[in-house]
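# Coordinate analysis (summary)
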Amino acid sequence: MHHSIFESAEARGIFKDERFLYPEYIPEKLPFRESQIAEIAGSLKPLLRNGKPQNLFIFGPSGTGKTVTARYVLRELEEYASKVKGIYINCFEFHTRNAVLNKLCLALGNAVPRRGLASDEIYNEFVHALKVKNVAPIVVLDEADQLIRDKTASQLLYDLLRITELHSIHLGIMLISNIRDTLAMLDDRVRSSLSALTIEFNQYTPEQLKQILHERARNAFFEDAIEKDVINLAAAQAAKCSGDARIAIESLLAAGRIAEKEGAKKLSVVHLKKAFERIKPRALEKASPHLDSCEKEILKIMCEHEKIFSGELYKAYCSRCKQAISERSFRDKINRLAELNILSVRGATAEIRGRTREIMLAQPKEAIIELLKGD
DNA sequence: AGTCCACAGGAACTGGTGGTGA
DNA sequence: TCACCACCAGTTCCTGTGGACT
Ligand SMILES: Nc1ncnc2c1ncn2[C@@H]1O[C@H](COP(=O)(O)OP(=O)(O)O)[C@@H](O)[C@H]1O
């Protein structure tokens with residue numbers, strides 16, 4: 001009998017199928033999101049009979065299932081009617097009018113160059129592709145706050161709204177954000193013609209988290225390969241992190257891998273606790289692929305200071321960097337890191353005088369150091 | 001009250017990149 | 001091939017402002 005190196009001699013392993021714990025996995029059922037699913041589906045349903053859909057604004061804290069719910073509904077609609085085409089865009093990656101239009105064209109199979117073309121030309125290309133392909137598009141702009149910071153965001157939404165008016169192609173727009181007043185930054189006219197229906201995603205309670213995890217774990221692990229308290233502990237940890245289901249699911253996956261590596265027969269709370277140490281806080285997890293070298297340098301400096309004033313921080317940065325950016329750009333970097341909830345910034349109080357700002361890390365230092373490893 | 005310091009942030013511009021069309 | 005144009009991150013130049021010090 002041949003033994004592959006992927007099988008240890010006796011153990012059959014812990015995972016029945018670990019894919020059920022992958023972040024991109026979309027479950028068959030989403031417990032406790034039935035009403036949101038119904039509301040989203042109901043809003044978009046008119047597309048099925050060439051009608052005008054209700055645009056949506058979805059907000060709630062991290063890990064409350066906004067993304068997975070949106071994808072779930074898109075999948076259902078696409079399966080039901082092949083005309084419907086869900087286009088999912090993460091605005092961390094595509095955060096300007098041009099970049100989003102580019103991605104929209106790509107999604108319809110019309111690759112256009114990343115640079116060199118005017119936005120209007122890409123827009124025309126997109127409209128053309130829509131007509132030719134005869135699809136009913138639903139555009140999902142996830143992490144929409146990253147887009148709406150940009151001055152071109154209003155123009156982009158105006159473009160999308162105009163498609164309906166000028167070409168009578170109906171198009172659904174779904175904006176997702178964890179900030180309640182994301183839309184406030186939009187142009188008044190665009191906001192009112194968008195007239196998005198707001199759907200709120202609340203934090204999961206510990207009890208709800210437990211049930212969600214049970215469901216996912218049942219498919220992912222062999223039934224007798226997981227100690228009873230593991231799920232409860234994972235749920236409790238997620239509850240601590242403001243009800244973030246992603247933390248819990250990621251921890252289970254990491255714990256299972258640790259257990260298999262150790263050759264354990266059962267996944268225990270010890271494995272899970274080890275996994276917790278490896279899980280990044282959500283703000284860092286989301287932002288880390290999108291930080292540039294300057295922002296990383298700022299974080300490096302911040303690891304050495306409990307708190308520091310803005311002017312001092314810039315001086316410290318200049319003394320370390322050969323090619324330092326200007327002080328003006330530096331301020332924008334600080335503001336971005338603050339918006340990402342990685343830095344916290346306080347201005348004018350009793351102790352902080354003048355117009356300077358006091359800057360601190362908003363995330364655990366250890367997690368930042370971990371993130372900066374490898375460069 | 002007036003002035004200055006030190007910084008915030010708006011607006012206009014620039015330079016690198018990479019298209020188009022003659 | 002070579003003007004010419006668009007995008008966009010970053011720069012330059014600027015005005016605004018809270019508090020300290022006259
Ligand atoms: N009701 C649910 N049932 C099953 N899994 C869920 C549920 N809600 C969230 N999840 C899972 O939690 C993780 C985080 O969800 P996500 O949609 O990314 O949250 P958000 O977009 O709100 O930050 C994903 O892996 C998702 O599959």
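## A few points about the protein's contact with DNA strand C
- Lining the immediate surroundings of DNA strand C are 15 residues, of which T96, S119, S326, S329 and R355 lie closest.
- Of all DNA strand C atoms lying within 4 Å of any protein atom, the proportion belonging to sugar or phosphate reaches 77%.
- The side chain of T96 places a nitrogen or oxygen atom 2.6 Å from a phosphate oxygen of DNA strand C.
- A distance of 2.5 Å separates a phosphate oxygen of DNA strand C from a polar side-chain atom of S329.
- Where the surface near DNA strand C is concerned, the elements lending two or more residues are α3 (97–107) and α15 (327–339).
- Among the elements that line the surface near DNA strand C, the one with the most residues is α15, at three residues.

## Re the domain arrangement of chain A
- For chain A, the assigned domains are domain 1 (7–21 + 205–279), domain 2 (34–200) and domain 3 (285–372).
- Domain 1 and domain 2 are separated by 35 Å when their C-alpha centres are compared.

## Looking at the sheet that holds strand β1 (residues 56–59)
- In spatial order, the strands read β2-β3-β4-β1-β5; together these five strands make up an open sheet with parallel pairing. Both edges of this open sheet fall to β2 (84–90) and β5 (197–200), since each of them pairs with a single strand only. Neighbour-to-neighbour, the strand axes of this sheet turn through a mean angle of 20°, independent of strand direction.
- Packed on one face of the sheet, helix α6 (residues 153–167) meets β3 (136–142) and β4 (172–177) and runs near 155° to β4.

## Considerations on the environment of I249
- If you trace the backbone, I249 turns up in helix α10 (residues 245–261).
- A C-alpha to C-alpha distance of 18 Å links I249 and R71, two positions 178 residues apart in sequence.
- With residues up to four places along the chain from it excluded, the contact list for I249 reads L21, L213 and R216.

## With respect to the site of the ligand
- In the neighbourhood of the ligand, 20 residues make up the surrounding shell, with G63, K66, T67, Y204 and R216 lying closest.
- With respect to the ligand, the side chain of T67 contributes an N or O atom lying 2.6 Å from an oxygen atom.
- Y204 is positioned such that a nitrogen or oxygen atom in its side chain is 2.6 Å from a nitrogen atom of the ligand.
- Protein contact buries 96% of the 560 Å² of open area that the ligand shows by itself.
- The set of elements that each furnish at least two residues to the shell around the ligand consists of α2 (66–80), α8 (206–220) and α10.
- Looking at side-chain class alone, the shell around the ligand contains eleven nonpolar, five polar and four charged residues.

Rules of the game
- Residues numbered from 1 in each chain as written.
- Chains lettered and ligands numbered in written order.
- Predicted model: local features only at pLDDT ≥ 70, side-chain atom pairs only at ≥ 80, totals over all residues.
- Heavy atoms only, no water.
- Near = heavy atom within 4 Å.
- Polar contact = N/O pair within 3.5 Å; in protein donor to acceptor, adjacent residues only side chain to side chain.
- Helix = DSSP H or I, 4+ residues; strand = E, 2+ residues; numbered from the N terminus.
- Domains from an automatic or database assignment.
- Pairing = 2+ DSSP bridges.
- Axes fitted to C-alpha atoms, helices over the stretch in contact; angles between N-to-C directions.
- Contact = heavy atoms within 4.5 Å.
- Areas by Shrake-Rupley, 256 points an atom, 1.4 Å probe, with all protein chains shown as cover.
- Nonpolar A, V, L, I, M, F, W, Y, C, P; charged D, E, K, R; others polar.

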